[in-house]
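Per-entry structural report
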Amino acid sequence: MRGNLEAKTLCRYIFPAVGGLFATYLYNVVDGIFVGQGVGAQALGAVNIAVPFITFTVALAAMFPMGGATVVAIRMGRGDEEGANRAFLTSLALTVLVSVLLMAAGMIFSRQIVDLSGGAQLSGEMRRMAAEYLFYYTAFSVPMLLSTCLSVFVRNDGSPGLSFAGMCVGAAANVFLDWLFIFPLGLGVIGAAVASGLGQVASVLVLLTHFARRRGCLRIRRLSWDRALVGKICKRGVPEAISQLNTPVTALCYNLVLAQLVGDLGVSTFSVLSYLFSLANAILSGVAQGLQPLWGRGYGRRDPEELRRLLRWGAAINLILAALICGALILWDRPVIQIFNRDAGLVAAASQALPVFSLSFLPMALNLVVTAYLYSTKRTVQADAIAVCRGIAVKAAAIFAIPPLLGGDAIWAAMRSGRRPWPRRC
């Protein structure tokens, strides 16, 4: 009976978290599919040039909802609902503040950001499209980051189903608007960016119903700033932010190297691979994030056996999912790539790289679960050190070092560099 109850609890939290993150990452992937099919392979590469900055903003802002969610879960486990609500409001305010700053930076310096992201080595047309996409996408930074933040707290406040529904509504709106803006209206990459932004607005409106109807313990009301609480939220959220920096660091390094080695085709090829990577990352990160409130509450109740049992479940689930994703991409590499674009050169290059590239999902599956476990149980220093070494330092060094040492084709193996150690028993 206990095993069945625990399995139901895991499903109740993991499935909505996976679905919500998958829907969130689907925004960019849908943009890529419609842009690749409706505008062309060059536009596909242009969107990818904007990815490092966009995913950097998401990673930076992830510090606040995930750090705040950890504090909220622990305080709820201790029965401190007032303290949990203060942590929620502080995280929400920090997310809005940072999103406004990032919106201003992205809109004012869009061309400079594109050049720093590898665009300086590419054709003028690709640079122009990348700058336009980045400008209009970052104009919606507030709803983009707010939807992610609200999704995390709605899930922690006992409504994982609504959290999932909010992300799905946003994704569905994005799909429809992408089709409308790119095909009938012919707005190109600008239409794709605006469609993503309006999809995020729809998601926020759905998630706000949780607080309007007072379904859980968390409430939106006037906030009194507490510097100590801000520091605690940031401290707890740093490992998640660093873990999420894996995506922009990978994209930036690959863009810089491929733009120099291959040019427009190399960046367009990586664009397809990065979309597939982001969806795999969403699924595997969703398992880790779904377990986060359960780990937090178990830690608040001081139940080490429950923590270890959840860690084993999380590792097993993520490894199975990673193996299934990897196998599917290896078996159906060309059909998957052709969803984005049917250019013969792009399909040939991407299908050659995808089998090696997809093997990185296996160590990533364990990496994400271990890091989430560590920061959920207040082992922030360990989580920080592991995330920095594997997600940033080792991977960046591998991407730049492998081509001159082993040749250009070996660059796709850089994704497998830097495995995280298994944590000691708590």
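Everything numeric in this text was worked out from a predicted model, so none of it was measured. (Residues numbered from 1 in each chain as written. Predicted model: local features only at pLDDT ≥ 70, side-chain atom pairs only at ≥ 80, totals over all residues. Heavy atoms only, no water.)

**Considerations on the pattern of salt bridges**
Throughout the structure, instances matching the rule amount to 5 salt bridges. The closest approach of N and O atoms between R128 and E132, which form a salt bridge, is 2.9 Å. With R128 and E132 both in helix α5 (residues 124-138), this residue pair falls 4 residues apart, about one helical turn. Exposure remark for E132: the relative accessible area of 24% places this residue in the partly exposed category. Salt bridges linked by common partners bring E82, R86 and R221 together as one network. (Salt bridge = Lys/Arg side-chain N within 4 Å of Asp/Glu carboxyl O. Helix = DSSP H or I, 4+ residues; strand = E, 2+ residues; numbered from the N terminus. Buried < 20%, exposed > 50% of the residue type's maximum accessible area, 1.4 Å probe, protein only.)

**Some words on α5**
With 15 residues, α5 ought to run about 21 Å at 1.5 Å a step, and its terminal C-alpha atoms sit 21 Å apart, in line with that. Along α5, the positions that sit buried rather than exposed are M126, M129, A130, A131, Y133, L134, Y137 and T138. (Expected span 1.5 Å × (residues − 1).)

**A few points about a nonpolar patch on the surface**
Together, L198, V201, L205, L208 and I220 line one region of the surface with nonpolar side chains, adding up to about 390 Å² of accessible area. Note on L198: relative accessible area 34%, which makes it partly exposed. (Patch = residues over 30% accessible without salt bridge, like charges linked within 9 Å, V, L, I, M, F, W, Y side chains within 5 Å. Areas by Shrake-Rupley, 256 points an atom, 1.4 Å probe, with all protein chains shown as cover.)

**Considerations on the nonpolar core**
If you look at the biggest cluster of nonpolar residues, it comprises 112 residues, and the most contacted ones within it are F88, Y133, L291, W295 and F361. The leading source of residues in this core is helix α11 (residues 264-300), at 17 residues. (Core = buried A, V, L, I, M, F, W, Y, C linked by side-chain atoms within 4.5 Å.)

**Digging into helix α14 (residues 344-358)**
Given a rise of 1.5 Å per residue, 15 residues ought to cover 21 Å, and the 21 Å separating the end C-alpha atoms of α14 matches this to within 8%. Along its length, α14 reaches its greatest deviation from straightness, about 25°, at Q352, and the proline P355 lies no more than four positions downstream. Listing the buried residues of α14 in full gives L346, V347, A350, S351, A353, L354, F357 and S358. (Bend = angle between axes of the 7 residues up to and from the residue.)

**Examining the environment of I325**
The topology assignment puts I325 in helix α12 (residues 304-331). I325 gets classed as buried once you look at its relative accessible area, which sits at 17%. For the pair I325 and I283, spaced 42 residues apart in sequence, the C-alpha separation works out to 9.6 Å. Sequence-distant contacts of I325, defined by excluding residues within four places in its chain, comprise A280, I283 and F361. (Contact = heavy atoms within 4.5 Å.)

**Here we look at the packing of aromatic side chains**
The geometry of an aromatic ring pair is captured by two quantities: the separation of the ring centres and the angle between the planes. Across all of its chains, the model carries 8 aromatic pairs by this definition. Judged by centre distance (5.1 Å) and plane angle (10°), the ring pair of F88 and F211 falls under stacked. Of the two residues, F88 is situated in helix α3 (residues 81-108) and F211 in helix α8 (residues 188-212); the sequence distance between them amounts to 123 residues. F211 carries the same exposure label as F88, and that label is buried. For the pair F277 and F361, a centre-to-centre distance of 6.2 Å together with 40° between the ring planes defines the contact as tilted. Of this pair, F277 sits in helix α11 while F361 sits in helix α15 (residues 361-376), placing them 84 residues apart in sequence. For the pair formed by F277 and F361, the shared burial category is buried. (Phe/Tyr/Trp six-rings, centres within 6.5 Å; stacked < 30°, edge-to-face > 60°.)

**Examining the environment of V98**
Considering the arrangement of structural elements, one finds V98 in helix α3. Residues V98 and T57 lie 41 residues apart in sequence; the distance between their C-alpha atoms is 8.7 Å. When near neighbours in sequence (up to four residues on either side) are disregarded, V98 contacts L60 and F64.

**Notes on a positive patch on the surface**
A cluster of basic residues, R78, K232, K235 and R302, forms a positive patch on the protein surface. With respect to the secondary-structure elements, R302 resides in the loop between α11 and α12. (Lys, Arg positive; Asp, Glu negative; His and termini not counted. Charge placed at Lys NZ, Arg CZ, Asp CG, Glu CD.)

**Focus: the packing of helix α6 (residues 141-156) against helix α7 (residues 160-182)**
Contact geometry of α6 with α7 gives a least axis separation of 7 Å together with a crossing angle of 160°. Judged by the angle between their axes, α6 and α7 are roughly antiparallel. Crossing handedness for the pair α6 and α7: left-handed. Facing α6, whose interface residues are S147, S151, V154 and R155, α7 presents P160, L162, S163 and M167. By residue class, the composition of the contact of α6 with α7 is 4 nonpolar, 3 polar and 1 charged. (Axes fitted to C-alpha atoms, helices over the stretch in contact; angles between N-to-C directions. Parallel < 35°, antiparallel > 145°, perpendicular 65-115°, else oblique. Left-handed = near helix turned anticlockwise from the far one by under 90°. Nonpolar A, V, L, I, M, F, W, Y, C, P; charged D, E, K, R; others polar.)

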